[in-house]
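Letter by letter, the chains look like this.
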Amino acid sequence: MVVEYTREEELDRLVHELKTVKTSDWEFHDKDNSVYSTGKGLNKNVVEEISEIKKEPDWMRRLRLRALEIFESKPVPTWGPDLSGIDWENTSYYNRPDERKTNNWDEVPDQIKDTFTKLGIPEMEQKYLAGSVAQYDSEGVYHNLKKVWEDKGVVFMDLDSAVQKYPDLVKDYYCRAVPFSDNKFAALNGAVWSGGSFLYVPKGVQIDMPLQTYFRMNGESTGQFEHTIVVADEGSKVHYIEGCTAPRYEKNSLHSAIVEIYVKKNAKARYTSVQNWSKSVYNMPTKRSWVDENANMEWVGGSLGSKVTMLYPSSYLRGPRATASNLNISLAGPGTVKDTGAKAIHLAPFTQSKIVAKSISIEDGKAIYRGLLRINKGAVDSKSKVQCDALLINDESASLTFPHDEIYDPTATFSHEASVGRIGTEELTYLRSRGLTEDEASSMIVLGFLDDVMREIPMEFAVEMNRLIKLEMNKLGAVG
Amino acid sequence: MTTLEVKNLAASINGKQILKDVSFTINGGEIHALMGPNGAGKSTLGYVMIGHPDYVVEHGSIKIDGIELIGKLPEERARAGLFLAYQTPVAVQGVKLSAFLRMAYNQLHPDTKMKIQDFYDELRKNLNKVGLDETFMSRSVNEGFSGGERKRVEILQMMMLKPKFVVLDEIDSGLDIDALKMVAEEIKKYYSDQVGFLIITHYQRILKNIEPGYVHILVDGKVVMNGGNDLSLRIEEEGYDWIRGA
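Here's a quick rundown of the structure. Note that the structure is predicted; figures quoted are calculated from it, not measured. All residue numbers here refer to positions counted from 1 along the written sequence of the relevant chain. All chains are assigned letters beginning at A, and all ligands numbers beginning at 1, according to the order in which they are written. With pLDDT at 70 or above as the cut-off, local features in this predicted model cover only qualifying residues; side-chain atom pairs require 80 or more to be listed or tallied, and sums for whole chains, interfaces and linings still use all residues. Where side-chain values are given, they derive from all heavy atoms of the structure, hydrogens and water being excluded.

1. A short note on the pairing of strand β17 (residues 308–311) of chain A
Residue and element names in this part refer to chain A. So the rule is basically this: Classification of residues uses two cut-offs on accessible area relative to the type maximum, computed with a 1.4 Å probe and protein chains only: under 20% is buried, over 50% is exposed, and between them is partly exposed. By definition, any uninterrupted DSSP run of H or I lasting at least four residues is a helix, any uninterrupted run of E lasting at least two residues is a strand, and each is numbered from the N terminus. At least two bridges found by DSSP between two strands are what make those strands a pair.
Residues of β17 alternate between two faces, with Val308 and Met310 on one and Thr309 and Leu311 on the opposite face, all of them buried. As defined by bridge partners, strand β14 (residues 281–283) adjoins β17 across two bridges and the pair is classed as parallel. Following the sheet pairing, Asn283 is matched in β17 by Thr309. Taken together, the four bridges between β17 and strand β20 (residues 337–346) define a ladder with parallel strand orientation. Counterpart to Val308 in the pairing with β20 is Val337.

Here it is in C-alpha cells:
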C-alpha cells in the first residue's frame, strides 16, 4: 500500500527529513565482474567484434563501421568545456557483465541484483512503474513490462533485443533524429553502442504509469554507450524515465548516449532523466526529439553528478501546433562543469516551446546555460519562452549564459529571462536564528530555488531529485 | 524562573567597536525596553545576541538560565529560547513560510510532535490574528511583503515558535496605528511569567501599548541609565540630549 501524499506534504516531509538523512553513498563499487570486454582502445576490429558478439544483422554492422569513420574524422569539440581529460586510448568500449538477459528479477546475478536493490530499483518498479529495464555496464540485464501493456502492443526492451526481434521497426527510427554526422560523440555511439531501451507505444495507447530504465556503470575506465529510442505513435501517451549512477574511480569514464524520441501526431511524450554519475565521468549524450502535428514533447532533466556534462536536449517541432518544453535542473558541484541547455527548432506554424533551466553552483562548480532557439521562416505565429535561473552558493561559484537565437519569421514571439541569486549570510542567519541548522537553511534555500520546477515535474522524480540534492548538500557538509 | 542575563557586553563589526558595555537582566514575566538615539548600537545588540556571524564579541557574556550563549551558533541560541524580531526582516526567495516555520518549530521543540495538520491549523489561526490571510502560508518568507506585513510575520513567528525571550527590534516601524494595536495585542497575549521581553525602540510610541517595567538607555554602545517606565516618558518629552549631558 502506497501512502498518498499531496505534493505540498511530500515536499514538506522531505524538508523535514533533511536532518535525519544519512549519506548513503552509492559511489560504492562492485568487483569488476564483466565476463567479456573488448579491451582498451577503439578500432575497426573492436567495432566488428561488438557486432559479432551481438550476432547483429549485417545492416547494423555496416552502420557501426560508417559511424566509426565519421567518429575518426571529427575533431574533439573545443567550443565548450575542456575535454582533454578523456582518455580515448585507455577506455574500454564494451563490457559485458553476464551472458543472460532476463525478465525475471530472480535470475539476475546476485551481485548485480544487490547493486540495483541498493539503488532502490525493484521498489520503484513495484510502486511507480509500468515497466523497467536495468542496464549494467554495456548490456541490459533485466527488462520487464507489465502484461496489460504488452497485450496492447507496447514494446519495451533493450535496443539490442529489439534489433533482433523487431529489426524493421528499429530501422525506421534508428539514427533518424540523431544522425552520426551530428557530432563526434553521436558518431562514437553509432560505432560502439550497446544497450539502451527501445520503447514503442502503438497508436492510441495511453500508458498512465512511467516506464524506467536504470543505467549502472561499474567498471573503471569503461564507456557506456547506450542508445534509446522512444516512439509514441499517433494519439498515444507515454512517460519514460532514466536514472544513471556510477561508482567513483580515479580514472575517468565516458558516457556518450543517444536518445531519440519520436512523437507522432496528437501524441504526448515525456522523457525524464536523473543523472548522478560519479565525479569521474564525462557525460556527453545527444538527445533529440521529432515532434509532429499537435504533438507534445516534455523533457525533464536533473543533472547532478559527472565531472563534465554537455547536454542540450533538442526538440524539432515539425508539424503545426507541435509543442515542446524543457525543464532542466543542473547541480555543478565542486570541480565540475555543467554545460547544459536546450534547443528548440520551430519548423511549422503555431508551434510553441518553453525552456526553463535552473542551475546551482557549489564551490568552484561552473554551470553554463547554452541554448539554441530557431524559428524558421514560415513557422508563423510560433512562440518561445526561455527562462534561466542560477543560484551561486559560494563566492567562487560561477554561472554563465549563452543563449543563441535565430528568428527568421516576423510573426514569431519569444522572450528570455535570466536571474542569478546567491545564498548570503543574511538569509542564512535569519533562518538559523529561528532554529534551522546551516545545512538545513541552505538546503531549504536550494530546494526553494527549485520549487517552481518541482511543482511541474512528476512526483516520483521530485522525490528522487530532492533526495539527491540533499545527499549532495550533505556530502559537502557546511555550505556558505 | 527563567533568566536572560547580559553582562559587560562589548562587540564590534569590521574592526569597529559598536557595543562597549551593555548589561541588563531580564526575568521571565518582565518587559524591558532598550531605548537610545540613532547609532547607539541598538540593532547591533539584537544581532550580537542571536550570534550574527559578522559581529565579533570582544568581551562579556549572554546567558539564558546560566548557560553561556557566546560562542554558540545562531540555531543553538534559538534552541535556548531566544528570538529576535528583526527591524528589517530578510526576504528568502523560494522558502515557503509554512514549511520554514514547521521545520523551525520541530527544531526548537523536538519533544512536541505536532501533526502537520494541527500545525497548519494553528498557523492559519495566528495569521488571522495578525491580520494576514492564508495565502501567506505558501508565499516565500518575506518576499514581496510590505514593511508592515514583514513586521506582522515576525510576530506570527514568535507566536508559532514560542520562544522564552523575545527581542523586538523597532517592531512598530512600518506599522500604522491600527496594525500596531493589533500587534501589541498579540504580544501582550503571548506575554506570561514564563516569557521575558526586550523591546528595542527609538521612540516611546510602542511603549504606550506595551508598558515596560524596566527601561535601559543605550548611548554610544553603553547602557548609561536604568529606570522604570517613567524614564521612557521623560525621553518622549525631552529626547536624549539631557542624558548625553548627564
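2. Examining the interface of chain A and chain B
Filter applied, for reference: Any pair of residues with heavy atoms lying within 4.5 Å of one another is described as a contacting pair. Buried area: the accessible area, evaluated with a 1.4 Å probe, that two parts lose upon being put together, summed over both parts. Salt bridges are defined as contacts in which a side-chain nitrogen from Lys or Arg sits within 4 Å of a carboxyl oxygen from Asp or Glu. Pairs of N or O atoms are called polar contacts if they sit within 3.5 Å, as long as, within protein, a hydrogen donor faces a hydrogen acceptor (for residues adjacent in sequence, only side-chain-to-side-chain pairs).
Contact residues are listed per partner, giving 27 residues for chain A and 37 residues for chain B. Summing both sides of the interface, chain A and chain B together bury roughly 2700 Å²; the carbon and sulfur share of this comes to 60%. On inspection of chain A and its partner chain B, the count reaches two salt bridges. Run the count over chain A and chain B and you get nine residue pairs in polar contact (both at pLDDT 80 or more). Every element with two or more residues in the side of chain A that touches chain B is listed here: α1 (7–17), α10 (425–432) and α11 (438–454) of chain A.

3. Observations concerning the pattern of salt bridges
Taken as a whole and assessed by the stated rule, the structure comprises 24 salt bridges over all chains. For Asp182 of chain A, the salt bridge is made with Arg288 of chain A, and the minimal N-O distance between the two is 2.7 Å. Pair noted here: Asp182 of chain A is in the loop between α8 (167–173) and α9 (184–192) and Arg288 of chain A is in strand β15 (residues 286–291), with a separation of 106 residues, a long-range link. Looking at Asp182 of chain A, the relative accessible area reads 30%, which means it is partly exposed. Among the ionic pairs, Glu134 of chain B bridges to Arg124 of chain B, the shortest N-O distance being 3.4 Å. Residue Glu134 of chain B is found in the loop between α4 (116–129) and α5 (147–161), and its partner Arg124 of chain B is found in helix α4; the two are separated by 10 residues along the sequence.

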